[in-house]
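# Observations on the model geometry
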Amino acid sequence: MTLEHPTGGQPGGQPRVRGNDWPSLGPPPLGGWRPTLSVTVVVPAHQAAATLPLTLASLAVQTYPEDLLEVVVVDDASSPPVSLPELRPARTRLVPTTGSWGRGHACHVGALAAEGEVLHWLDADMVLHRDQVEAQLRWHHVLDHAVVLGTKTFVDAADGLPDPAEVARLVAEGRPADLFPGRWTAPHEWVEDYLASTEQLTRNPTKSYLVHTGACASVGRALYLRAGGLDDELKLGEDVELGYRLAQRGAVFVPDRDACSWHLGRSTLMQRQETVNRYNRPFVTDRMPDLRHWRAKRRSYTVPWVQAVVEADGHPFAEARASVEGALTGSVADVEVLVVGPWSRLTGERRSPLTDPDGDLRLLRAEFRGEPRVRFVEDVPDTAFPATFRLRLPTGWAPGPDSLRRLALEMTRRDLGLVSLLLPDGCVARLERTSAVNRALTLLRVPERPARGPTTGGTGPESVDDLVDQVSGSWWFEGAEEGFVRPAAPQAPPAGEQAGGTAPAAPARPRPGRPGRGAARRADLQEEPTGPPGAAEVAGPATREPPRRRRGWRRGRDGA
């Protein structure tokens, strides 16, 4: 039986994958279905005259339909320039790089030139098995936010390379192993170790992006563009950094053992591991806030771990200031605060400074204008992308000194997408995981737009919160037991006080909540080490026993 199109690929029929439970997708068997999606294979090439013909020869005999397969070879300033061999796929184009250099830049140039609905990255020193592209693409037909990770084996190329015609013949016959008889071979060891430690990425799902190696991965072009594309400032580690942003856009990472290829020679990491890790660390740490063991405490970075949102309009200056201060002064330093208000309304015409109806807004802007972690905005995007978490903080409330860190780490431990904190006055604070909210928005087909908050959406009865609970899970806690406090209101100035006199007393610093069961159960919670590719520096899932459960209730499948 040949499937025209897997059910999951029908409009509105996207599967709802919980965590990274990719085995639940059930793709069609190789050779037993009929593809409909077009794919562009992007091959960056720099000084690859000896190996590029072998890569193109293996692409020329793929089982994926020829009319759906395009190849874009990007010449990354080779000298002499790249030329295309005769043995290649029918729809192969050569594109030069412009403006920058490096693999990440070349791949992005290829992506922008691509016509395919799916992008498949390859290096110019790889030889594919004949059904490698088909194996990758079947998952994209089932799930439009899948990122597929192929399997590659390193082979010693020192004893010479086969002829391109021989490559095409043996690959077409299903005998790629006969290309390199008796030679040294090795798997991608750190990837294999990580896959084994996470049960093929089904455990510790929020860190699945760590094995996103671009040389044999594929992604929907629309998802790639939503994630912002490859960062051409990165000359190494660009694939894992893109993997992080794809994860924040809600991607499901699929390791496919049938999508096989050879890599001709050892990788740069194999040859110079310590040097590569030393070089990568500052660049990826600045962009990937999940790397808690690499990020220094009391430092800010380009991409924050937590983005807090505080509404200013209609709230007293003292209350808004207390909320912003509380978010900024806790143990999480890599945080940014979006202060929401009608800032364009604050024009410079003559006014009475002491009776200005917008006086509190002006005071708040003046209070934090020199704080680089504070941004004054009028609209808030649907999610905190690329930050990992967003805190929606009711104005007047503030987290305790360690509340954010402990809650975020527990969400990581339990793979939660949403934690809601019921405050004593009935208000609710929320800590949202960006990846879970973005996956929910993808399932609802909600177009990205400025919005106050993704609590509802779509055309059906489900809300974004309902879908977050389905794909990741959500919990309710008591905010006071998690350290959230409402600082005391500022004292009014004495009667008759004149401008320039003694300033009103500042609001009291937020006090930690009483140490109830919630605080006690997390007393030993430490930050879990994770890291980008780099041998032992990539950590597996936590092995400690989970902390004692505190009072709270879960939505959705685990109870009301």
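The following refers to the structure shown. (Residues numbered from 1 in each chain as written. Predicted model: local features only at pLDDT ≥ 70, side-chain atom pairs only at ≥ 80, totals over all residues. Heavy atoms only, no water.)

### Observations concerning the overall build of the protein
Under the convention used in this document: Strands are runs of DSSP state E lasting at least two residues, helices are runs of H or I lasting at least four, and both sets are numbered from the N terminus onward. By the convention used here, residues are in contact when the closest approach between their heavy atoms is within 4.5 Å. Computed by Shrake-Rupley with a 1.4 Å probe, the accessible areas treat only the displayed protein chains as cover when residues are assessed.
Across its full length, the protein holds 15 helices and 17 strands. Expressed as a percentage of contacts within the protein between residues at least 6 apart in sequence, the contacts between residues at least 24 apart total 78%. Summing over all exposed atoms, the protein offers an accessible surface of approximately 24,000 Å²; the carbon and sulfur share of this is 52%.

### Let's talk about the pattern of salt bridges
To be explicit about the condition: Salt-bridge detection follows one rule: a side-chain nitrogen of Lys or Arg within 4 Å of a carboxyl oxygen of Asp or Glu. Partly exposed describes any residue whose relative accessible area lies between the buried limit of under 20% and the exposed limit of over 50%, with all areas from a 1.4 Å probe on protein chains only and scaled to the type maximum.
Per the stated rule, a full pass over the model turns up 30 salt bridges. The residue D178 makes a salt bridge to R175 at a minimum N-O spacing of 2.8 Å. Exposure remark for D178: the relative accessible area of 40% places this residue in the partly exposed category. Between R345 and D313 there is a salt bridge, and its shortest N-O distance comes to 3.7 Å. In this pair, R345 is assigned in the loop between β11 (335–340) and α11 (359–368) and D313 in the loop between β10 (306–311) and α10 (317–328), connecting sequence segments 32 residues apart. D313 sits in the partly exposed class, given a relative accessible area of 40%.

### Observations concerning helix α3 (residues 132–142)
Residues that lie three or four places apart on an α-helix share one face, since the helix turns once every 3.6 residues. When you tally the buried positions in α3, you get 11 out of 11 residues, the bulk of the element. Taken together, the buried positions of α3 are occupied by Q132, V133, E134, A135, Q136, L137, R138, W139, H140, H141 and V142.

### A closer look at the nonpolar core
This is how the line gets drawn: Here, nonpolar core refers to any group of buried Ala, Val, Leu, Ile, Met, Phe, Trp, Tyr and Cys residues whose side-chain atoms link them within 4.5 Å.
Grouped together as the largest cluster of nonpolar side chains are 48 residues, with contacts concentrated most on W121, L246 and F253. Among all residues touching L246, those that are not within four sequence positions of it are V147, H212, V219, L223, Y224, A227, A251 and F253. Listed in part, the 38 residues of the second largest apolar core include V332, F368, V419 and A429.

### Considering the packing of helix α1 (residues 52–59) against helix α4 (residues 164–172)
Formally: Orientation is described by lines fitted to C-alpha atoms, with helices fitted over the stretch in contact, and by angles between N-to-C directions that extend from 0 to 180 degrees. Here the word oblique covers every angle except those under 35 degrees (roughly parallel), over 145 (roughly antiparallel) and from 65 to 115 (roughly perpendicular). Note on convention: the crossing is left-handed when the near helix lies turned anticlockwise from the far helix by less than a right angle, right-handed when the turn is clockwise. Residues are grouped as follows: nonpolar covers Ala, Val, Leu, Ile, Met, Phe, Trp, Tyr, Cys and Pro; charged covers Asp, Glu, Lys and Arg; every other residue, Gly included, is treated as polar.
Relative orientation of the contacting elements α1 and α4 amounts to 30°, with a least axis distance of 8 Å. As summarised for this structure, α1 and α4 are arranged roughly parallel, according to the angle between their axes. Judged by the twist between their axes, the crossing of α1 over α4 is right-handed. Mapping the contact onto sequence places P53, L54, A57 and S58 in α1 and P164, V167, A168 and V171 in α4. Here the contact of α1 with α4 is composed, by residue class, of 7 nonpolar, 1 polar and no charged.

### Remarks on empty space enclosed by the protein
Gaps left between atoms are located by rolling a probe of water-molecule size over the structure's atoms. To be explicit about the condition: Method remark: on a 1 Å grid restricted to protein atoms, a set of points is classed as a cavity if a 1.4 Å probe fits but cannot get out and as a pocket if it is open with protein on both sides within 12 Å along at least five of seven lines; lining residues have an atom within 4 Å of a point. Grid points are joined across faces, edges and corners, and a volume is the space filled by probe spheres set on the points.
Enumeration over the complete set of coordinates arrives at 5 cavities of 30 Å³ or more. Approximately 230 Å³ is the volume attributed to the largest cavity. The wall of the largest cavity is formed by 20 residues, among which G19, P205, T206, S435 and R439 lie closest to the centre. Secondary structure elements with two or more residues in the lining of the largest cavity: α7 (238–248) and α13 (434–444). Considering every element that reaches the lining of the largest cavity, the biggest residue donor is α13, with 3 residues. The class makeup of the residues in the lining of the largest cavity is 7 nonpolar, 8 polar and 5 charged.

### Details of the pairing of strand β2 (residues 69–75)
Rule in force here: Here, strands pair whenever DSSP counts at least two bridges between them. When the strands point away from the viewer and the path from the first strand over the helix to the second turns clockwise, the crossover is right-handed.
Among the 7 residues in β2, 7 count as buried, and that is most of the element. Two strands pair when backbone bridges link them, and strand β1 (residues 39–45) and β2 are joined in this way by 7 bridges, in the parallel orientation. Pairing of P44 across the sheet is with V74, part of β2. Each parallel crossover has a hand, and the one from β1 via α1 to β2 is right-handed. As judged from the 5 bridges shared by β2 and strand β3 (residues 92–96), these two strands associate in the parallel manner. When the bridges of β3 are listed, V74 appears paired with V95.

### Focus: unusual backbone geometry
Here the amide bond leading from S79 into P80 is cis, since omega sits at 0°, within 30 degrees of zero. Along the chain, P80 falls in the loop between β2 and β3. Put simply, F385 and P386 share a cis peptide bond, and its omega is 5°.

### A look at the side chain of H263
Take H263: it is sitting in strand β9 (residues 252–264). Ignoring sequence-local partners within four residues, the contact set of H263 consists of D123, D125, M126, K152, T153, F154 and V155.

### Section: the environment of L69
Here L69 is to be found in strand β2. On the basis of relative accessible area, L69 is assigned to the buried category, the value being 5%. A sequence separation of 46 residues divides L69 from E115, and the C-alpha atoms of the two residues are 9.8 Å apart. Contact partners of L69, with chain neighbours within four places excluded, come to V39, V41, L59, R91 and V133.

### Considerations on the packing of aromatic side chains
To keep things clear, this is the line we draw: Side-chain rings of Phe, Tyr and Trp, where Trp is taken by its six-membered ring, are said to pair if the distance between their centres is within 6.5 Å; with planes under 30 degrees apart they count as stacked, over 60 as edge-to-face, and otherwise as tilted.
Counted under the stated rule, the structure contains 8 aromatic pairs. Judged by centre distance (5.7 Å) and plane angle (85°), the ring pair of W305 and F389 falls under edge-to-face. Note that W305 is positioned in the loop between α9 (273–287) and β10 and F389 in strand β13 (residues 389–392), a separation of 84 residues in sequence. Of the residues examined, F389 reaches a relative accessible area of 0% and is grouped as buried. Centre to centre, the rings of W475 and F477 are 6.3 Å apart; their planes meet at 10°, and the pair counts as stacked.

### Notes on the pairing of strand β15 (residues 428–433)
For β15, the buried fraction is high: 5 of the 6 residues fall into the buried class. When β13 meets β15, the two strands line up antiparallel, connected through 4 bridges. Bridge assignment links L391 to a residue of β15, and that residue is L431. Pairing of strand β14 (residues 418–422) with β15, which is carried by 5 bridges, proceeds in the antiparallel orientation. Looking at the pairing, V419 lines up with L431 of β15. Hairpin connection from β14 to β15: 5 residues lie between these consecutive antiparallel strands, with G426 at a positive phi of about 95°.

### Examining α11
Burial in α11 covers these residues: G359, L361, R362, L364 and F368. Packing partners of the buried residues in α11 comprise α10, β11 and β12 (374–377).

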